[in-house]
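# Commentary on secondary and tertiary structure
Residue strings, one per chain:
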Amino acid sequence: MKQRKKLNLISYLFVLPAMVLNLVFFIYPFIQTVVMSFFDWPMLGEKTFVFLDNYINLFQDGQFWNSLFFTLKYALFVTPCLFILAFVLATLINGSFAGVNLFRSIYYAPVVISMTCCSMVWLWIYNDLYGVLNYIMQFLGIIDEPVLWMNSAETSLPAVIFMVTWKMAGFSMLIILAAFQTVDDQVYEAAAVDGAGKITQFIRITLPIIRPQVALALIMSVIGSVLAFEQFLIMTKGGPAQTTTTIVHYIYNTSFKYFKMGYGSAITMVLLAVLGALSLVEYKFLNDPTIN
Amino acid sequence: MRPVTKKTWINAVLGVVFILPLYWTIVTSLKDRTEIYGTPPSLFPKKPTLSNYIRIFTLEDGLYLGYFKNTVIITIITIIVIVVVSVLAGYGLSKLKLKGKGLMLASIMAAIMIPFQALLNPLYSTMSKLGLLNTMTSMVLIYATFHSPFCIYMMKNAFDMIPDSLLESAKLDGAGSFKVFLKICLPFTWSSVATIAVYAAYTTWNDYLIALVFGNSDAIKTFNVGLTNLAISQYGTDWGLLTSSSIVGLVPILIMFVFLQKYFIKGMLSGALK
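Before going into details, it helps to say that this report is about the structure given with it. (Residues numbered from 1 in each chain as written. Chains lettered and ligands numbered in written order. Predicted model: local features only at pLDDT ≥ 70, side-chain atom pairs only at ≥ 80, totals over all residues. Heavy atoms only, no water.)

A count of helices and strands for chain A gives 12 helices and two strands. Counted from the first residue to the last, chain A has its helices and strands arranged as α-β-β-α-α-α-α-α-α-α-α-α-α-α. Its C-alpha atoms give chain A principal-axis dimensions of about 80 × 75 × 35 Å. Summarising the internal contacts of chain A: among those between residues at least 6 apart in sequence, 66% fall at separations of at least 24. (Helix = DSSP H or I, 4+ residues; strand = E, 2+ residues; numbered from the N terminus. Contact = heavy atoms within 4.5 Å.)

Written out as structure tokens, the structure is:
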């Protein structure tokens, strides 16, 4: 039976702080982005209404397209790398054996370290003169000359992807591991009785059951990659010749280096559209009844 | 005792490979300048020295040490703000009768979906209008706005688990609404509170972009920003100082990770649903 309750003013005090923050620093800026994107707005000067000019300029801005494509390219390459490693790690730490908790912690530890620290540490490893990687590769005879890893997009992109894979694989590993453990052991036993081998079991039983969680982790990884910033700002500085500038990096440059707030907002709108599309996919998976 | 199996050995090899970058950082931080730039690189420091760590304290009359202090202050304040805001809102959205609750929940979910990276530019002009540019307050407000929605969502779920009948009987016994919240409901949710505190600490301590845009004056710079400034200094990169600072920056979070692993992983796993 429902009891009749009076609306109590004190009740609203509970949600007030959260709602004030949400309104002032989320909803209002969000609306402002939309409005600003129609203005020419130098940070210190007068703003003028230019309607769609920013968007038209965006279409002709080669640097914008470069950064958008670069970001998507990065997301496209880093996600499979992350997942292959995450799957391997999750398989390796699934089960009960000596040291399993220690190994879980080791693989997960880089996730909790900041991207800034990780980028710095790897920049040192990749250093062309004193870096340990060039030394090891020369020692093993893989390369003759030290490679200038950060000097061209051809070498810096794989280098950054390698670093991010090391840093973030533990996160996807955990999701996949949790998914592994939702599969009832009895299913495997039944399959084994029917003569199914380990690989058949994995493809026919495990994969279909954990598909929703894997899909979710995939989208998380893609969203994270679309927002990439620190790793490129620090490791490649977006260069050479802005070939490794991500979309967030480009927004940062436009707004805070060249002080074009209106134009920066128009780029932000594109980023929001990309994120919105990804979130829609995510939302579909969240509402999938097969995910609990 | 768990059995030592083939898996243990494969993991041991892979684990060592995984740890190598961190090992290399520690080793570098313990070397002196000549050894850092010596070839071939030495895998153990020949003459271990703490000079790189000491320099953190003395550099530019303690200015650099101040970056660490700033980060600690900002992180602690942010944790408090996020926990208070999230616990209150989580309770309100779960257990209280409010008009427009659906709309409030929708705006919370929207803030989970849209990250601060996408709203950098208008946030800057909002802070500028409020006269909060280059203050710790602006950073705390932004962290609280963008990291509390997920925490509110977690707290709401935690409060949802408490049966309404418990609240009703407490009210019949004459407990006021705030007392019901504080004495009856809150004690049930301590593990969730711990999780969101850890989540807040982790995200704030590791943040770079907000600190870069909103905290660019020396007085409030965080160590992450200070670290990158070091790397891009005009005198070339000081790898000894850089590696020792990285270690100092990651040790607190790793210690927290070791002791609060349960909450850490729980928080990150739920964060995956973000």
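From this point on, the discussion continues.
Side chains of Ile10(A), Leu13(A), Leu16(A), Val20(A), Leu23(A), Val24(A) and Leu130(B) sit close together on the surface and give an oily, nonpolar patch of about 610 Å² of accessible area. Given the relative accessible area of 46%, Leu130(B) is considered partly exposed. (Patch = residues over 30% accessible without salt bridge, like charges linked within 9 Å, V, L, I, M, F, W, Y side chains within 5 Å. Areas by Shrake-Rupley, 256 points an atom, 1.4 Å probe, with all protein chains shown as cover. Salt bridge = Lys/Arg side-chain N within 4 Å of Asp/Glu carboxyl O. Buried < 20%, exposed > 50% of the residue type's maximum accessible area, 1.4 Å probe, protein only.)

Once that is clear, we can look at empty space enclosed by the protein. Going through the model one piece at a time under the given rule, you end up with one cavity of 30 Å³ or more. One number sums up the size of the largest cavity: a volume of about 1200 Å³. Met168(A), Gly224(A), Leu227(A), Gln117(B) and Tyr202(B) are, among the 46 residues lining the largest cavity, the residues nearest its centre. Here the lining of the largest cavity is composed, by residue class, of 29 nonpolar, 12 polar and five charged. (1 Å grid on protein atoms, 1.4 Å probe; cavity = no way out; pocket = protein on both sides within 12 Å on 5 of 7 lines; lining within 4 Å. Points joined across faces, edges and corners; volume = space filled by probe spheres on them. Nonpolar A, V, L, I, M, F, W, Y, C, P; charged D, E, K, R; others polar.)

To continue, consider the interface of chain A and chain B. The partner chain B presents 93 residues to the 87 residues of chain A that form the contact. Interface area for chain A against chain B, summed over the two sides, is near 8300 Å², with a carbon-plus-sulfur share of 75%. Of all residues in chain A, Phe14(A), Phe25(A) and Trp124(A) bury the most surface against chain B, accounting for 11% of the area lost on that side. Here chain A is connected to chain B by 22 residue pairs in polar contact (both at pLDDT 80 or more). For the side of chain A that touches chain B, the leading source of residues is helix 1 (residues 9–36) of chain A, giving 20 residues. (Buried area = accessible area lost by both parts, 1.4 Å probe. Polar contact = N/O pair within 3.5 Å; in protein donor to acceptor, adjacent residues only side chain to side chain.)

Attention now moves to the environment of Asn134(B). All names here are of chain B. When you line up the elements, asparagine 134 lands in the loop between helix 6 (120–129) and helix 7 (136–160). Sequence-distant contacts of asparagine 134, that is, excluding residues within four places in its chain, are made with Phe214, Gly215, Asn216, Ser217 and Ile220. There is a polar contact of 2.9 Å between the side chain of asparagine 134 and the backbone nitrogen of asparagine 216.

Over its 29 residues, helix 9 (residues 198–226) of chain A extends only 36 Å from the first C-alpha to the last, a length that falls short of the 42 Å expected when each residue adds 1.5 Å. In helix 9 of chain A, a bend of some 60° at Arg211(A) exceeds every other bend along the element, and Pro212(A), a proline, comes one to four places later. (Expected span 1.5 Å × (residues − 1). Bend = angle between axes of the 7 residues up to and from the residue.)

Turning to unusual backbone geometry, a few remarks are in order. Residue and element names in this part refer to chain A. Not every positive phi belongs to a glycine, and alanine 241 is a case in point at roughly 50°. Assignment of secondary structure puts alanine 241 in the loop between helix 10 (230–235) and helix 11 (247–256). For alanine 241, a relative accessible area of 72% corresponds to the exposed category. In this structure, glutamine 242 is a non-glycine residue whose phi angle is positive, near 60°. By the secondary structure assignment, glutamine 242 is in the loop between helix 10 and helix 11. Given a relative accessible area of 30%, glutamine 242 falls into the partly exposed group.

Here we take up the layout of surface pockets. Of the volumes computed, that of the largest pocket is approximately 710 Å³. As for the largest pocket, its lining consists of 25 residues, of which Trp122(A), Phe162(A), Val17(B), Leu20(B) and Pro21(B) are closest to the centre. If you tally residues by element for the lining of the largest pocket, the top one is helix 1 (residues 6–29) of chain B, at seven residues. Of the residues in the lining of the largest pocket, the class split is 24 nonpolar, one polar and no charged. As a volume, the second largest pocket reaches approximately 470 Å³. Along the wall of the second largest pocket there are 14 residues; nearest its centre are Thr91(A), Asn94(A), Tyr188(A), Lys198(A) and Thr206(A). Looking at the lining of the second largest pocket, the elements that each hand over two or more residues are helix 8 (185–193) and helix 9 of chain A. The greatest single-element share of the lining of the second largest pocket, amounting to five residues, is contributed by helix 9 of chain A. Along the lines of polarity and charge, the residues of the lining of the second largest pocket split into five nonpolar, six polar and three charged.

Take the state of the cysteines next. All names here are of chain A. Counting across every chain of the model gives zero disulfides over all chains. Cysteine cysteine 118 remains unbridged, with the sulfur of cysteine 117 as its closest cysteine sulfur at 7.0 Å. Look at cysteine 118 and you get buried, because its relative accessible area is 2%. (Disulfide = S-S within 2.5 Å.)

Remark: the centre distance and the inter-plane angle together describe each pair of aromatic rings, the angle taken between the planes. A full pass over the atoms with the stated rule returns 43 aromatic pairs over all chains. Considering the side-chain rings of Phe14(A) and Phe178(B), the 6.0 Å spacing of their centres and the 40° angle between planes classify their relative orientation as tilted. Placement of the pair is Phe14(A) in helix 1 and Phe178(B) in helix 9 (residues 177–185), with the two residues belonging to separate chains. Ring centres of Phe39(A) and Phe49(A) lie 5.4 Å apart, and the angle between their planes is 70°; this geometry places the pair in the edge-to-face category. Here Phe39(A) is found in strand 1 (residues 39–40), whereas its partner Phe49(A) is found in strand 2 (residues 48–49), with 10 residues between them in sequence. (Phe/Tyr/Trp six-rings, centres within 6.5 Å; stacked < 30°, edge-to-face > 60°.)

Opposite charge on two side chains lets them pair, provided their charged atoms get close. Residue and element names in this part refer to chain B. Counting across every chain of the model gives five salt bridges over all chains. With a closest N to O distance of 3.3 Å, lysine 221 and aspartate 218 form a salt bridge. Aspartate 218 sits in the partly exposed class, given a relative accessible area of 37%.

Residues and elements named next belong to chain B. Tracing the sequence through the fold places threonine 204 in helix 10 (residues 190–206). Within polar-contact distance, the side chain of threonine 204 engages the backbone oxygen of alanine 200 at 2.7 Å. Residue contacts for threonine 204: discarding those within four places in its chain leaves Ile74, Thr75, Thr78 and Tyr143.

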